[in-house]
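# Survey of secondary and tertiary structure
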Amino acid sequence: MKKQILIFGIVLLIFTACQQKTIEFGKNSFTIEKNISYGSDPNQKMNVYIPENTAHKKDVFIIIHGGGWRAGEKSQLTGFTHQLMKKFPQYIFVNMDYRLASTTQYALPHQTDDIKNVMMYLEKTLKIKPNYILLGNSAGGHLSMFYAYQFNQNKKIKAVVNIVGPADLNDPGFKNYDEYSFVEKHLIDPNIVKNKTSLMDFGSPTHWVTKTSTPTLSFYGTQDTVVPLSQKEILDSVLDKNKVYHQSYEFNGTHLSWENEINSAFLIEKIDLFLKNIDKKINAPISQSVY
């Protein structure tokens, strides 16, 4: 019996040691809680990283993965999240999964509801009222813009960082997307669309832009055949028209090239500058092309 207890204790010790509870970047460290359930669905999971060594106000980055609204998972952005944590050690980070679309389940409103549910869970559990930065790539970029432009009446969302996300679903260039028929049929539940608005208008972040919309930072690839560079031009035009503070940049490469070391480092530097400008209340719209 003593031998069995000893073996159990050793196994428990090894298991506990393998559960990473903190991560350190130089003098900065974060506590980690993985696969927290913020809803009853198996896909409603998130990883939460909370800074330990800061007295600064803890605002929140919510990281939203891509995958055509029907695939992908938060693990795809773990490495990029860690890079951001090195740069922004005073922020809480949430890397979230969400309910995926299928032929039997629409993306919207489930996925925007999941963003809301994450915020509600954080505020209730951590007893905080933070500002949020929504950052997503591809479908996650679309969801970040869509949520911020349609549901930010209380101004909790400080900024959107859109990485190769479709902003206008009616763009002829985007209609060349291989899965565009899925977008037409399964992105939006028709029951949530009113006033004779077309589904593709309703699902386009640009449709919801107003003069009080959330400041937006965007990145698009010059050789992207999934979300073409024309999306940058359309989004810039709408934000310019409404005098919304924004910056946009081009990088050399395809839909996934933003992940490489040079491009991701460039993105992070521009995110840092953009957030500092917002804090300084710089309000002039800016549209820039770099590289």
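See above for the structure.
Since this is a predicted model, take the numbers as computed values, not measurements. (Residues numbered from 1 in each chain as written. Predicted model: local features only at pLDDT ≥ 70, side-chain atom pairs only at ≥ 80, totals over all residues. Heavy atoms only, no water.)

### Looking at the packing of helix H2 (residues 78-87) against helix H8 (residues 261-279)
- Relative orientation of the contacting elements H2 and H8 amounts to 45 degrees, with a least axis distance of 11 Å. In this view, H2 runs oblique relative to H8, as classed from their interaxial angle. For the pair H2 and H8, the crossing hand works out as right-handed. Taking contact as the criterion, the partners of Phe80, Gln83, Leu84 and Lys87 in H2 are, on H8, Ser264, Leu267, Ile268, Glu269, Ile271 and Asp272.
- Its residues assigned to classes, the contact of H2 with H8 shows five nonpolar, two polar and three charged. (Axes fitted to C-alpha atoms, helices over the stretch in contact; angles between N-to-C directions. Helix = DSSP H or I, 4+ residues; strand = E, 2+ residues; numbered from the N terminus. Parallel < 35°, antiparallel > 145°, perpendicular 65-115°, else oblique. Left-handed = near helix turned anticlockwise from the far one by under 90°. Contact = heavy atoms within 4.5 Å. Nonpolar A, V, L, I, M, F, W, Y, C, P; charged D, E, K, R; others polar.)

### Overview of the pairing of strand S4 (residues 60-64)
- Most of S4 sits out of view: five of its five residues are buried.
- Note that S4 and strand S5 (residues 92-96) share five bridges and pair parallel. Across the sheet, the residue bridging to Val60 is Ile92, located in S5.
- The parallel pair S4 and S5 is bridged by H2, and the resulting crossover is right-handed.
- Examined bridge by bridge, S4 and strand S6 (residues 132-137) share five bridges and lie parallel to one another. When the bridges of S6 are listed, Val60 appears paired with Tyr132. (Buried < 20%, exposed > 50% of the residue type's maximum accessible area, 1.4 Å probe, protein only. Pairing = 2+ DSSP bridges. Right-handed = clockwise from strand over helix to strand, strands pointing away.)

### Thoughts on the sheet that holds strand S3 (residues 45-51)
- Read from one edge of the open sheet, nine strands run S1-S2-S3-S5-S4-S6-S7-S8-S9, paired in mixed fashion. Two strands bound the open sheet, and with one partner strand each, they are strand S1 (22-25) and strand S9 (246-251). Between one strand axis and the next, the sheet turns through 15 degrees on average, direction left out of account.
- Pairing geometry for strand S8 (residues 216-221) and S9, over six bridges, is parallel. Looking at the pairing, Phe219 lines up with Tyr249 of S9.
- Here helix H7 (residues 230-241) sits on the sheet in contact with strand S7 (157-163), S8 and S9, set at roughly 165 degrees to S9.

### Brief notes about the environment of Leu239
- Here Leu239 lies in helix H7.
- Given a relative accessible area of 1%, Leu239 falls into the buried group.
- It is 9.8 Å that separates the C-alpha atoms of Leu239 and Thr214, two residues lying 25 residues apart in sequence.
- For Leu239, the residues in contact, after removing those within four places along its chain, are Tyr149, Val209, Thr216, Val244 and His246.

### Quick notes on the pairing of S6
- Most of S6 sits out of view: six of its six residues are buried.
- Here S6 shows no split at all, with Tyr132, Leu134 and Gly136 on one side and Ile133, Leu135 and Asn137 on the other all buried.
- Relative to S7, S6 runs parallel, the two sharing six bridges. Bridge pairing in S7 links Leu135 to Val161.
- Viewed along the sheet, the connection from S6 through helix H4 (residues 139-151) into S7 turns out right-handed.

### Digging into the packing of aromatic side chains
- Tallied over the entire structure, the rule returns 18 aromatic pairs.
- Between Phe61 and Tyr91, the aromatic rings sit 5.0 Å apart at their centres with planes inclined by 65 degrees, giving edge-to-face as the arrangement. Here Phe61 is found in strand S4, whereas its partner Tyr91 is found in the loop between H2 and S5, with 30 residues between them in sequence.
- The exposure class assigned to Phe61 is buried, which follows from its relative accessible area of 0%.
- For Tyr91, a relative accessible area of 5% gives the class buried.
- For the pair Tyr147 and Phe151, a centre-to-centre distance of 5.2 Å together with 45 degrees between the ring planes defines the contact as tilted. (Phe/Tyr/Trp six-rings, centres within 6.5 Å; stacked < 30°, edge-to-face > 60°.)

### Thoughts on helix H3 (residues 110-126)
- Between the first and last C-alpha of H3 there are 24 Å, a value that for 17 residues agrees with the 24 Å anticipated at 1.5 Å per step.
- Of all the positions in H3, only Gln111, Thr112, Asp114, Ile115, Val118, Met119, Leu122 and Glu123 are classed as buried.
- Taken together, the buried residues of H3 touch S3, S4, S5, S6, H4 and S7.
- After H3 finishes, the residue Lys127 shows a positive phi value of roughly 55 degrees. (Expected span 1.5 Å × (residues − 1).)

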